[in-house]
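Structural characterization, general
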Amino acid sequence: MSFCPGPPAPPGGTSIQEQRGRWERKRSRTARELVQTEQRYVQQLQLVTTYFVEILKAKGTLRQDIRESIFSSIKAIHSVNQSLLVHLENGYFGRGFDQMCPHLHHYNTYVDNIYNASKVLGVQLKKNKAFRRFKKLQEARPEFNNQKIEDLLQLPVQRIDQYKHFLQDLTANTSPDNPEFQQLSRAVSAVCDVSQRIQDNARCHENHLQLCRVQKLLKGRKTKVSAAGRWYIREGWLKVVPPKGADVQPKMFFLFSDMLLQAKRCGPLRLSSGDRFSGQRAYPLQDCTVEKVFGHTRSQGGLLSLTFPKAKLLLMSCNQEELNDWYQSLSSAVGKLQSKQTVVHQRDELCRRPLGPAAAADTAGSRKRNMVSGETREHAQKPPAEWGGSAPKRMKQCDAPEQSSAEASTSSCVIL
């Protein structure tokens, strides 16, 4: 099929005018939808502030700290968005968002508290009969249109994502020569920062739930899973190949960002144990080396070799895809952990540089440096602050044998 170009555009740049017309129509459509949704959003915020925040404060049904835990900065957000709505209804989109951006810290406060707010609200609904009755009466008002307070409290979080898309569309269909273009561009950047904060909080919350779930699967309080900076990665059954040629034994493994936890299913005689597990060993990943032994074997799986300073672990899987997934997950976790460790060591080396050559000739300075070097060696044996939640330290605090921090950092595993 041949393509025949159309007639040349007549003088006056009709094609440019048509493009500008399309931009203007798209901008008008986005602006109209933004105003309509903002009006509805402000009305819903008004419901929460009037029929919950203000009345609860007047009645004293909830203590002040509990009210703040549930509703956080929603009253300040309502005030900010009332001002924004006035600008939007008058067509000043750039000015409106430009004046709103310095107040986005109210949204930051709100999104940081949203998971705690849901938790506190659930506790109050369960334990506080007066509040439960109050909530039911308020939600029965015709203004709420069968909306629940749980859904209304999520609106500011959802609105940030809507703002991001609206602002991106407005900016894309606004000429760079328009005075509003720079204002809208700054607003896109500011709103995207809040949106990223929401995503990061969601990932942290999901990780927290995973850690709590794994902790509940483990019998007793001997194995501590929750630790600062620890991230859950994956779990699954792998067969442990013993070094002396005995039969392979299936074990449950939980992989985290800083350790690999080996566990076994609780004995079948314990009817109450269900699917619970008993932790056996925790292998720190910071000095681990991961290799495939014969992972290329199709349809028959292969072996993974995990080498630690004082131990070696051979893991087998008959599923090739599963084996590859474990290899990728382990290699990625070890690589990230070792790269962070390298940065810490580089920072530590910079801190140890001598202050000047003149101090070398001074006897008193020499004695002082000897004292400092002794302290430095002491500190070198301790893990850096950001490794305070590493697996060996956490396990040592439970029931592991007492040992120095230096020994904990180089040990191959902790027997639980």
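Residues numbered from 1 in each chain as written. Predicted model: local features only at pLDDT ≥ 70, side-chain atom pairs only at ≥ 80, totals over all residues. Heavy atoms only, no water.

A closer look at the overall build of the chain
Worth spelling out the cut-off: For helices the rule is a DSSP run of H or I covering at least 4 residues; for strands it is a run of E covering at least 2, with both sets numbered from the N terminus onward. Burial here depends on accessible area, computed with a 1.4 Å probe over protein chains only, as a share of the maximum for the residue type. Under 20% is buried, over 50% is exposed, and the range in between is partly exposed. Residue burial considers only the protein chains on display, and all accessible areas are found by Shrake-Rupley using a 1.4 Å probe.
A count of helical and extended segments in the chain gives 13 helices and 8 strands. Split into buried and exposed, the 416 residues of the chain put 38% on the buried side. With an accessible surface of roughly 24600 Å², the chain has 52% of that area assigned to carbon and sulfur atoms.

Digging into the pairing of strand E6 (residues 302-308)
Using the following cut-off: At least two bridges found by DSSP between two strands is the condition for calling them paired.
Where burial is concerned, most of E6 is hidden: 6 out of the 7 residues are buried. As paired strands, strand E5 (residues 289-292) and E6 are joined by 4 bridges and run antiparallel to one another. When the sheet's bridge partners are listed, glutamate 291 is paired in E6 with serine 305.

Thoughts on the nonpolar core
Here is the rule: For the purposes of this section, nonpolar cores are sets of buried Ala, Val, Leu, Ile, Met, Phe, Trp, Tyr and Cys residues that join through side-chain atoms within 4.5 Å. The criterion used for residue contact is that any of the two residues' heavy atoms lie within 4.5 Å.
Among the nonpolar cores identified, the biggest contains 52 residues, and Phe71, Phe97, Tyr107, Leu153 and Tyr163 are the most heavily contacted of them. A total of 11 residues in this core trace back to one element, the largest contributor, which is helix H1 (residues 14-59). Ignoring sequence-local partners within four residues, the contact set of tyrosine 163 consists of Leu34, Glu38, Tyr41, Asn81, Leu84, Phe97, Met100, Tyr107 and Val191. Core analysis: the second largest hydrophobic core is formed by 20 residues, Leu255, Cys288, Ala333 and Leu337 among them.

Section: the packing of helix H5 (residues 105-127) against helix H8 (residues 155-172)
Using the following cut-off: Lines fitted to C-alpha atoms define the axes here, with helix axes fitted over just the stretch in contact, and angles between the N-to-C directions of these axes take values from 0 to 180 degrees. Roughly parallel means an angle under 35 degrees; roughly antiparallel, over 145; roughly perpendicular, 65 to 115; everything else is oblique. Three classes are used: nonpolar for Ala, Val, Leu, Ile, Met, Phe, Trp, Tyr, Cys and Pro, charged for Asp, Glu, Lys and Arg, and polar for all others, with Gly counted as polar.
Remark: H5 packs on H8, axes separated minimally by 10 Å, with the N-to-C direction vectors making an angle of 125°. Classified by the interaxial angle, the pair formed by H5 and H8 is oblique. Here Tyr107, Tyr110, Val111 and Ile114 of H5 lie close against H8, whose contacting residues are Pro156, Val157, Ile160 and Tyr163. Of the residues contributing to the contact of H5 with H8, the split by class is 8 nonpolar, no polar and no charged.

As for H5
The condition is simple: Expected helix span is given by 1.5 Å per residue-to-residue step, counting one fewer step than there are residues. Two axes enter the bend calculation: one fitted to the seven residues ending at the residue in question, the other to the seven starting there, and the bend is the angle between them.
The end-to-end C-alpha separation of H5 is 32 Å, in line with the 33 Å expected for 23 residues at 1.5 Å each. Bending of H5 peaks at approximately 50° at the position of isoleucine 114. Those residues of H5 lying buried are Tyr107, Asn108, Tyr110, Val111, Asn113, Ile114, Ala117, Val120, Leu121, Gln124 and Leu125.

A short note on the confidence of the model for the chain
For clarity, the cut-off: Values of pLDDT, ranging from 0 to 100, describe the predictor's confidence in every residue of the model.
With 75% of its residues at a pLDDT of 70 or more, the chain shows a mean pLDDT of 82. Here helix H12 (residues 391-398) is the element of the chain with the lowest mean pLDDT, 37, and helix H3 (residues 74-89) is the one with the highest, 98. Confidence over residues 1-10 falls short of pLDDT 50; this stretch has 0 contacts with residues more than four positions distant or in other chains.

Some words on unusual backbone geometry
Residues other than glycine seldom take positive phi values, yet asparagine 145 does so here, at roughly 50°. Look at asparagine 145 and you get exposed, because its relative accessible area is 55%. For asparagine 146, which is not a glycine, the phi torsion comes out positive at approximately 65°. Mapped onto the fold, asparagine 146 is located in the loop between helix H6 (129-139) and helix H7 (149-152).

Things to note about a positive patch on the surface
The condition that has to hold: Residues enter a patch when their relative accessible area is above 30% and they make no salt bridge; the linking distance is 9 Å between like charges and 5 Å between nonpolar side chains (Val, Leu, Ile, Met, Phe, Trp, Tyr). Here a salt bridge means any side-chain nitrogen of Lys or Arg lying within 4 Å of a carboxyl oxygen belonging to Asp or Glu. For this count, His and the chain ends are skipped, Lys and Arg are scored as positive, and Asp and Glu as negative. Charge coordinates come from a single atom per side chain, which is NZ of Lys, CZ of Arg, CG of Asp or CD of Glu.
A surface patch of like charges, here positive, comprises Arg22, Arg25, Lys26, Arg29 and Arg32. Relative to the assigned elements, arginine 32 resides in helix H1.

What to know about the side chain of asparagine 207
Residue placement: asparagine 207 occurs in helix H9 (residues 180-217). With sequence-adjacent residues up to four places away left out, asparagine 207 is seen in contact with Arg230, Trp231 and Tyr232.

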